[in-house]
Structure formats: structure tokens, C-alpha cells
Amino acid sequence: ALSEGRSRAMAEEDPAPPADGDAAPPPPPRPPLTPEILAAFYENLDGNADPDVAADALAESLELRDRTTDSRVGSRVDFIFNALDFARDAGLTPAQTVAVHEVGQAMLDACAAAPGPSFSFADAESLFQSTILPKVAAEPDREAGQFSITDVRAVSDYFAKGFFQHFSLWRFVWSEEQEMEKHETFKRVEFAYPARPLPDFLTEEANDARLAKEAEEAEAARIAAEEAAKEAAEAERLRLIEEEDARRKAEEEEYARRKPATLADAVEHAVKTALAQERAALEAEYAVREKQLREKISVLEQQMKAK
């Protein structure tokens, strides 16, 4: 695949003379592509409709800043993005995907290290072969990053179409200094004025006292409501008792006025009359006792409240 695309790529090479000056220093080391970064990238890619979300997270993980304003950083992020996407579609393991990433970064770094056309298509082809061939095995350990013949054929075809076919463009972007225009934009931001002093503001002690007073008033209102309910219930109970007593007395008086017709009626009349008199005496006695007990209870309640 590389040989077929070589003639087309050579035609794209820039015939300009080499740039003045020595070769650029090697790029600083970057964070490696770890399985965790790879898994997070695929999760972001699958979980978001906007691929820029996955690209931004990937650039942040690999410490590739300003991808939207720096053409080199932006092209590197796009290159990595497409390589990782290809690797998953090709069925490569995570270790093989990391190996493809390392090969691609070596190609881009070589373009940046050699000024101008001094890094030729043949040099790029040789570099690719020297980095990919040691990873090929007859019985590859795919989980360790080795490639089978079928795997390396797919990887070679990908690089032939994605890198070597546009080799001159990659080399120009990475070997020529790019002009950068910086623009500053001023935005007006509204903010709240500081709060004015509050003359009626309560101190913590005053607020605690207010809350304690409100709690006491609420408790007193609750107790008063309970006592009122008890008094109402007691009044209703007494009313029912009085009604029952009045009804019973009326029946007894009516019975007393009737003359017994037989001896049995006379006996029953005498018994009921005696019982009524005994009941009246007991009720009078109990009423006095109840009054005395209520007075004692009232005195005790007053003493408890005074304490």
C-alpha cells in the first residue's frame, strides 16, 4: 500500500529549498496513552452526539493545549482521534491501539524535527517500517501489542491513506513556523453591590432569645389548648350525666305517683322507692367528695406552676 501511494505523495512534495537554521529541538515528552485514557475516550465518543466532547477530553488527558487556536496541536489531536477510531473499527486490542498511537506520534515528531523538505517521503516510509515491523509476529500476542499479518496490513493501509497520501501537508504544517494572530475581547460583567448595613439586624444572642420566647409561647399555647379541650370534654360529660339523672328522676317520680295494682307491684314500688332514696343520698355524698378533690387538685396545680 505504501509503494502504490508513493508516486502520488512525491508529487505533492514542496520543491522549496531547505529552511535556514539548524534542526528544531526534539519535542518535550508528552503523557502516554494509557488504557484508562483510551477507555475514557471511547466512552465519551459513544456517549455524546458531539465528537468535540471526546476530542476535548482526549486533548486534556494528553496535555495538548489550545487545539482550537494552534494548528499543530489541533492537527495532532485530530490525528490521534482518527487513529483511535480506526483502531476500534479494525478490532485492535487496547495494547495494539496504543502501539498504533505511538507509531503515529513518531511520524509527526519526525516531521517537526527535520526542517523543510529535509525529511523526505522515503525517510518517512523507512521510519514507519522500522517502527511497525518489530511489532509483527507469526503468532502475535495481541494483548501485548503485537500484530498479525492481517493487522499490520490494515494499519499500513490506514497510514497510507491518512498520512502518506498527505505527507507534504503534514510535513509543511509541522516543519514551518505558522503565523499567529492574537485578539483580545473585553466583556462587561455585572456584579452585585455590597449589602447595606441592616439597622434591625439581630445579634446571635438576641435571635436565640427570640427563638426561646417563641418556643415558650408555643408551648404555653399548646398546654392552654389541651386544658381547654379537657374542660370542654368534662363539661360535656357532666351535661350528659345531668341529662341522664333528670330523665331517671322523672321516670322515678312518674312511677311513684302511680298506685300499685297488686301486691307484687306494691313490693316493687317500695323497693324502687328505697333504692331511689339511697341513690340520692350517695350522689349527694359523692358530689361533696368530688368537689373537695377538685379543690385539692386545683391547689396542687397552682403550687406546681408556682415552682
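Here is what the cut-offs are and how they apply
Each chain has its residues counted from 1, following the order in which its sequence is written. Predicted model: local features are reported for residues with pLDDT of at least 70 only, side-chain atom pairs are reported and counted for 80 or more only, and whole-chain, interface and lining totals are derived from all residues. The side-chain quantities take in all heavy atoms of the structure and omit both hydrogens and water. Numbering of helices and strands runs from the N terminus; a helix is a DSSP stretch of H or I covering at least four residues, while a strand is a stretch of E covering at least two. Between buried and exposed lies partly exposed: a residue is buried under 20% and exposed over 50% of the maximum accessible area for its type, with that area taken using a 1.4 Å probe on protein chains only. Residues count as neighbours in contact if any of their non-hydrogen atoms are within 4.5 Å of one another. For the area figures, the Shrake-Rupley method with a 1.4 Å probe applies, and any residue is considered shielded solely by the protein chains shown. Ring geometry is summarised as follows: Phe, Tyr and Trp rings, the Trp one being its six-membered ring, pair when their centres sit within 6.5 Å, and such pairs are stacked at plane angles under 30 degrees, edge-to-face over 60 and tilted between the two. Helix axes are fitted only over the stretch in contact, all axes being lines through C-alpha atoms; the angle between N-to-C directions runs from 0 to 180 degrees. It is the rotation of the near helix from the far one that decides the hand of a crossing: anticlockwise by less than a right angle makes it left-handed, clockwise makes it right-handed. For this classification, Asp, Glu, Lys and Arg are treated as charged, while Ala, Val, Leu, Ile, Met, Phe, Trp, Tyr, Cys and Pro are nonpolar and the rest, including Gly, are polar. pLDDT is a residue-level measure of predictor confidence that goes from 0 to 100. Take the number of residues in a helix, subtract one, and multiply by 1.5 Å to get its expected span. When we speak of the arc, we mean the arc of directions from the helix axis to the C-beta atoms.

A separate point is the overall build of the chain. Tallying secondary structure elements over the chain gives ten helices and zero strands in all. Ordered by position from N to C terminus, the α and β elements of the chain give α-α-α-α-α-α-α-α-α-α. Within the span of the chain, comprising 307 residues, buried residues form 25% of the whole. Sequence separation of 24 or more characterises 71% of the internal contacts of the chain that already satisfy a separation of 6 or more. Carbon and sulfur atoms form 57% of the exposed surface of the chain, whose accessible area is close to 21,800 Å².

This next bit is on the packing of aromatic side chains. All told, the structure shown has 14 aromatic pairs when counted by the stated rule. On the numbers, 5.3 Å between centres and 85° between planes, the contact of Phe-79 with Trp-170 is edge-to-face. Linking Phe-79 in helix α4 (residues 71-89) with Trp-170 in helix α8 (residues 167-175), this pair joins segments that are 91 residues apart in sequence. One exposure class covers both Phe-79 and Trp-170, and it is buried. Pairing Phe-163 with Phe-167 gives two aromatic rings, centres 6.0 Å apart and planes at 70°, and the pair type is edge-to-face. Given the relative accessible area of 0%, Phe-163 is considered buried.

As a further point, take α8. Taken across its nine residues, α8 has seven buried, putting it largely inside the fold. Among the residues of α8, those classed as buried are Phe-167, Ser-168, Trp-170, Arg-171, Val-173, Trp-174 and Ser-175.

Turning our attention to the packing of helix α5 (residues 94-113) against helix α7 (residues 149-162). Two numbers describe how α5 lies on α7: the axes approach to 12 Å, and their chain directions differ by 35°. For the pair α5 and α7, the crossing hand works out as right-handed. Listed contacts from α7 to Gln-96, Val-100, Val-103, Gly-104 and Met-107 of α5 are Asp-151, Val-155 and Phe-159. Grouping the amino acids of the contact of α5 with α7 by side-chain chemistry returns five nonpolar, two polar and one charged.

Further remarks concern unusual backbone geometry. Positioned with a positive phi, Glu-63 is a non-glycine residue whose angle comes to about 55°. If you trace the backbone, Glu-63 turns up in the loop between α3 (51-61) and α4. For Glu-63, a relative accessible area of 48% puts it in the partly exposed group. Phi is positive for Asp-66, which is not a glycine, with a value near 55°. Within the element layout of this structure, Asp-66 appears in the loop between α3 and α4.

Moving on to the confidence of the model for the chain. Scored by pLDDT, the chain has a mean of 80; 83% of the residues are at 70 or more. Every residue in residues 1-21 is under pLDDT 50, and counting partners more than four places away or in other chains gives 32 contacts.

The next thing to look at is helix α6 (residues 121-132). Between the first and last C-alpha of α6 there are 17 Å, a value that for twelve residues agrees with the 16 Å anticipated at 1.5 Å per step. Buried residues of α6: Phe-121, Ala-124, Glu-125, Phe-128 and Ile-132, and no others. In a view along the axis of α6, the buried residues occupy a sector of 100°, so they form one face of it.

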